Amino acid sequence: MDLVIDHDRAARRFQAVVDGHRCELDYTLDGTRMDIVHTGVPEAVGGRGIAARLTAAAVAAARAEGWRIRPLCSYARVWFERHPEQADLLWQT
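Residues numbered from 1 in each chain as written. Predicted model: local features only at pLDDT ≥ 70, side-chain atom pairs only at ≥ 80, totals over all residues. Heavy atoms only, no water.

## Remarks on the overall build of the chain
Basically, it comes down to this: For helices the rule is a DSSP run of H or I covering at least 4 residues; for strands it is a run of E covering at least 2, with both sets numbered from the N terminus onward. The quantity called the radius of gyration is restricted to C-alpha atoms. Its globule counterpart is 2.2 Å times the number of residues to the power 0.38.
Each helix and strand counted, the chain has two helices and five strands in total. When the helices and strands of the chain are placed in sequence order, the string is β-β-β-β-α-β-α. Relative to the globule expectation of 12 Å for 93 residues, the C-alpha radius of gyration of the chain, 13 Å, shows essentially globular dimensions. Considered along the principal axes of its C-alpha atoms, the chain spans approximately 40 × 30 × 20 Å.

Now the structure itself:
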């Protein structure tokens with residue numbers, strides 16, 4: 001599936017439209033800490049790996065910017081558990 005992910009920096013959101021449904025990952029930014037606060041994929045287009053691709057895009061952007069990530073939403077926490085190779089980006093308190 002071709003998926004075009006847009007990073008709307010002003011809204012602090014990664015988003016994609018799939019079959020007319022908007023899928024999104026929202027974050028806040030505090031200095032160099034990205035807090036992933038919400039990942040949403042409508043049920044009508046769920047199960048296609050869209051949330052994973054949105055999260056991967058956010059992780060790639062954080063790495064490029066030199067940010068650390070605090071995964072506050074449950075999906076993002078599980079994503080990091082499944083991708084331990086990205087653990088170096090996790091915010092250490």
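## Comments concerning the nonpolar core
The test is simple: The set of buried Ala, Val, Leu, Ile, Met, Phe, Trp, Tyr and Cys residues whose side-chain atoms join them within 4.5 Å is what this entry labels a nonpolar core. Residue exposure (1.4 Å probe, protein chains only): buried if accessible area is under 20% of the type maximum, exposed if over 50%, otherwise partly exposed. Any pair of residues with heavy atoms lying within 4.5 Å of one another is described as a contacting pair.
Of all hydrophobic cores here, the largest spans 23 residues; its most connected members are Phe14, Leu25, Met34, Ile36, Ile50 and Ile69. Listed by contribution, the elements that provide at least two residues to this core are strand E2 (13-18), strand E3 (21-30), strand E4 (33-40), helix H1 (50-65) and helix H2 (74-82). Residues contacting Leu25, with those up to four places away along its chain left out, are Arg12, Arg13, Phe14, Ile36, His38, Thr39, Leu54, Thr55 and Ala58.

## Considering the sheet that holds E3
Going by this rule: A pair of strands counts as paired when DSSP detects no fewer than two bridges linking them. Axis angles are defined between N-to-C directions and span 0 to 180 degrees, where every axis is a line fitted to C-alpha atoms and, for a helix, only to the segment in contact.
If you trace the five strands from one edge of the open sheet to the other, you get E1-E2-E3-E4-E5, paired in mixed fashion. Strand pairing shows two members of the sheet lacking a second neighbour, strand E1 (6-8) and strand E5 (68-71), which therefore form its edges. Adjacent strand axes in the sheet meet at a mean angle of 25 degrees when their direction is disregarded. In this sheet, E4 lies alongside E3 in antiparallel orientation, the contact comprising seven bridges. In the sheet register, Asp30 faces E4, and the bridge partner there is Arg33. Across the sheet, H2 lies against E4 and E5, angled at about 120 degrees from E5, the strand it touches most.

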